[in-house]
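Fold and geometry: a report
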Amino acid sequence: MAQKISLTRYLVEKQRDNNTIPSHLRLLLEVVARACKSISQAVNKGALGGVLGAAETENIQGEVQKKLDIIANEVLIEANEWGGHLAAMASEEMEGIYLVPNRYPQGEYLLLFDPLDGSSNIDVNVSIGTIFSVLVKPEGAGVSEQDFLQAGCKQVAAGYCVYGPQTTLVLTVGDGVSMFTLDREQGSFVLTQENVQIPADTKEFAINMSNMRHWAPPVKRYVDECLQGKEGERGKDFNMRWIASMVADVHRILTRGGIFMYPWDKREPEKPGKLRLMYEANPMSWIIEQAGGAATNGKTRILDIEPSKLHERVSVILGSKNEVDRVTRYHAEA
Ligand code: AHG
Ligand code: MN
Ligand code: MN
């Protein structure tokens, strides 16, 4: 039987063989993975662990927090603050940045996360996840929010962990995408797929159709053509999926292709989109690109967007390359 490669071994070998992962980044990734294991444990306990339901608080975006949003946020902070690999963290669930306390050594990395993605699915036992992104702190003394405002193309690592029927960790450090499955008996993540590639074409789209009447014309045009199926412009039938957990939708796309859209719409015209650039769009876009797909806001490649604030929102269209290119063309033609 082929030997199982643990995440630890995978990272050690990467560091040793091609030096794609400096030792502090390796430590960081191991710590994040350990935190994800612990979140996975809490998710699995569900009602037995008293982790379901809403907390009595709202986050900075005015969304009611779920108990698990807060638990996952705390787990990630506690796991990461003492190792000496980080300068600061930022989270969808915290208004400002979190500085590593003075009593611990300061590292060179910045960690950003959506501790619990797909919160509306927690209580109904549907897949949820954690998304993270790693940047290098710019030179200079101290750390400020400004240090975090780097375009997605500056990321040095990104990943997510999906808590579904299996717990799967997906990772990139810029040389392709690898997947690890949590082996609960061993208590470790095991490499289960390397060099993940998204098919360039697809017959599957993911968008919240209930917002259709608010969409911009290019998005409407694209989805209308999908719905026309064999008889229409596209000449083939399409299937639709919407899990309402970006992690789960993106994971499906990485596995079998597809396009995911949470576009700008005219409900709140001033708001660029629902999803968050720093915690959701950037890490997912890099993973998608590393697997041969594409990611845009319709006009600009997501990874080229210069952020102007930590909790910035963005319109997101990502997945199979040819489909994303088509939606981009519809935007250009509009
Ligand atoms: P979060 O739970 O971190 O707030 O993110 C939820 C996001 C994303 O995961 C998902 O694709 C989208 O919101 C679902 O939104 P709708 O409920 O509007 O479909
Ligand atoms: Mn989210
Ligand atoms: Mn979240």
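Residues numbered from 1 in each chain as written. Chains lettered and ligands numbered in written order. Predicted model: local features only at pLDDT ≥ 70, side-chain atom pairs only at ≥ 80, totals over all residues. Heavy atoms only, no water.

Description of the site of ligand 1
As a reminder of what qualifies: One heavy atom within 4 Å of a molecule or strand is enough for the residue carrying it to be called near that molecule or strand. Here a polar contact is taken to be a pair of N or O atoms separated by no more than 3.5 Å, where protein atoms must pair a possible hydrogen donor with a possible acceptor and residues adjacent in sequence count only if both atoms sit in side chains. Areas reported as accessible are Shrake-Rupley estimates using a 1.4 Å probe. Residue values count occlusion only from the protein chains shown. The numbering of helices and of strands both runs from the N terminus, where a helix is a DSSP run of H or I of at least 4 residues and a strand a run of E of at least 2.
Surveying the vicinity of ligand 1 reveals 17 residues, the closest of which are Asp117, Ser119, Asn208, Met246 and Tyr262. One of the backbone nitrogen or oxygen atoms of Leu116 is found 3.4 Å away from an oxygen atom of ligand 1. In the model, an oxygen atom of ligand 1 is placed 2.9 Å from a nitrogen or oxygen of the Lys274 side chain. Considering ligand 1 on its own, with 480 Å² of exposed area, one finds that the protein chains cover 86% of that surface. Within the residue set of the shell around ligand 1, elements represented by two or more residues are strand S5 (109-117), strand S13 (259-262) and strand S14 (275-276). Sorting elements by how many residues they give to the shell around ligand 1 places S5 first, with three residues.

With respect to the coordination of the manganese ion (ligand 3)
The condition is simple: Donor atoms (N, O, S) are those found within 2.8 Å of the metal centre, with the cutoff raised to 3.2 Å for Na, K and Ca; water is not part of the atom list, so apparent gaps in a site can occur. Accessibility here uses a 1.4 Å probe with only protein chains present; expressed as a share of the type maximum, an area under 20% marks a residue as buried, one over 50% as exposed, and anything in between as partly exposed.
Bound to the manganese ion (ligand 3) are the protein donor atoms Glu92 (OE), Asp114 (OD) and Leu116 (O), situated 2.2 to 2.3 Å from the metal. Taken as a pair, the manganese ion (ligand 3) and the manganese ion (ligand 2) lie 3.7 Å from each other and share Asp114 as a ligand. Across this residue pair, the class does not change: Asp114 and Leu116 are buried.

A short note on the packing of aromatic side chains
Operational definition: Note on aromatic pairs: the rings of Phe, Tyr and Trp (six-membered ring only in Trp) are paired at centre separations within 6.5 Å, and the planes decide the class, stacked below 30 degrees, edge-to-face beyond 60, tilted for the rest.
A complete count under the given rule lists four aromatic pairs for this structure. Measuring from centroid to centroid gives 4.9 Å for Tyr10 and Phe180, while their planes differ by 80 degrees, and the two rings are edge-to-face. On the criterion of sequence distance, the pair formed by Tyr10 in helix H1 (residues 7-17) and Phe180 in strand S9 (residues 177-183) is long-range, its members being 170 residues apart. A relative accessible area of 0% means that Phe180 is categorised as buried. Relative to Phe238, the ring of Phe205 lies with its centre 6.5 Å away and its plane at 55 degrees, an arrangement referred to as tilted.

Remarks on the domain arrangement of the protein chain
The following threshold applies: An automatic or database domain assignment provides the domain bounds reported here. Pairs of residues are marked as contacts when any of their non-hydrogen atoms sit within 4.5 Å. Here the buried area means the combined drop in accessible surface, using a 1.4 Å probe, for two parts upon being joined, counting both sides. We count a salt bridge whenever a side-chain nitrogen from Lys or Arg sits within 4 Å of a carboxyl oxygen from Asp or Glu. Three classes are used: nonpolar for Ala, Val, Leu, Ile, Met, Phe, Trp, Tyr, Cys and Pro, charged for Asp, Glu, Lys and Arg, and polar for all others, with Gly counted as polar.
Split by domain assignment, the protein chain resolves into domain 1 (7-193) and domain 2 (204-333). The distance between the C-alpha centroids of domain 1 and domain 2 comes to 24 Å. Contacts between the two partners involve 48 residues from domain 1 and, on the opposite side, 32 residues from domain 2. Contact with domain 2 buries surface across domain 1, with Ile131, Leu149 and Tyr160 losing the most and accounting together for 19% of the total. The tally of links from domain 1 across to domain 2 stands at two salt bridges. Residue Arg276 is joined to Glu92 by a salt bridge in which the shortest nitrogen-to-oxygen separation is 3.5 Å. Seen at the junction of domain 1 and domain 2, the total is 15 residue pairs in polar contact (both at pLDDT 80 or more). Elements with a contribution of two residues or more to the side of domain 1 that touches domain 2: strand S3 (86-91), S5, strand S6 (128-136), helix H4 (145-148), strand S7 (157-163), strand S8 (167-172) and S9. Its residues placed into classes, the side of domain 1 that touches domain 2 shows 24 nonpolar, 17 polar and seven charged.

Concerning the coordination of the manganese ion (ligand 2)
Distances from the manganese ion (ligand 2) to its protein donors, namely Asp114 (OD), Asp117 (OD) and Glu280 (OE), fall within the range 1.8 to 2.1 Å. Motif for the manganese ion (ligand 2), donor spacing along one chain: D-x2-D-x162-E.

Section: the sheet that holds strand S11 (residues 204-206)
Our working definition: Two strands qualify as a pair provided that DSSP identifies no fewer than 2 bridges between them. What counts as an axis is a line fitted to C-alpha atoms, over the stretch in contact for a helix, and the angles between N-to-C directions run from 0 to 180 degrees.
Reading across the sheet, the five strands line up as S12-S11-S13-S17-S15 and stay open at both edges, with mixed pairing between neighbours. A single partner strand is all that each edge strand has here, and the edge strands are strand S12 (239-240) and strand S15 (294-296). In this structure, S11 lies alongside S12, joined through two bridges in parallel fashion. Bridge assignment links Glu204 to a residue of S12, and that residue is Asn239. Lying over the sheet, helix H8 (residues 321-333) contacts S13, S15 and strand S17 (316-319), oriented at roughly 150 degrees with respect to S17.

Observations concerning the sheet that holds S6
Pairing between the strands of a sheet is mediated by backbone hydrogen bonds and can be parallel or antiparallel. Taken in spatial order, the eight strands line up as S4-S3-S5-S6-S7-S8-S9-S10 in an open sheet, and their pairing is mixed. Edge strands, defined here as strands with exactly one partner in the open sheet, are strand S4 (98-99) and strand S10 (188-193). Where S9 meets S10, five bridges bridge the pair, whose relative direction is antiparallel. Bridging from a neighbouring strand, Phe180 pairs with Leu191 of S10.

Topic: the pattern of salt bridges
According to the stated counting rule, one finds 22 salt bridges in the structure shown. Across the pair Glu289 and Arg301 runs a salt bridge whose closest N-O atoms are separated by 2.8 Å. Note that Glu289 is positioned in helix H7 (residues 277-290) and Arg301 in the loop between S15 and strand S16 (313-314), a separation of 12 residues in sequence. The salt bridge partner of Asp304 is Arg301, with a shortest N-O separation of 3.1 Å. With a relative accessible area of 39%, Asp304 lands in the partly exposed category. On the basis of relative accessibility, which here comes to 33%, the residue Arg301 falls in the partly exposed class. In this structure, a network of salt bridges that share partners links the residues Arg221, Glu225, Arg326, Arg329 and Glu333.

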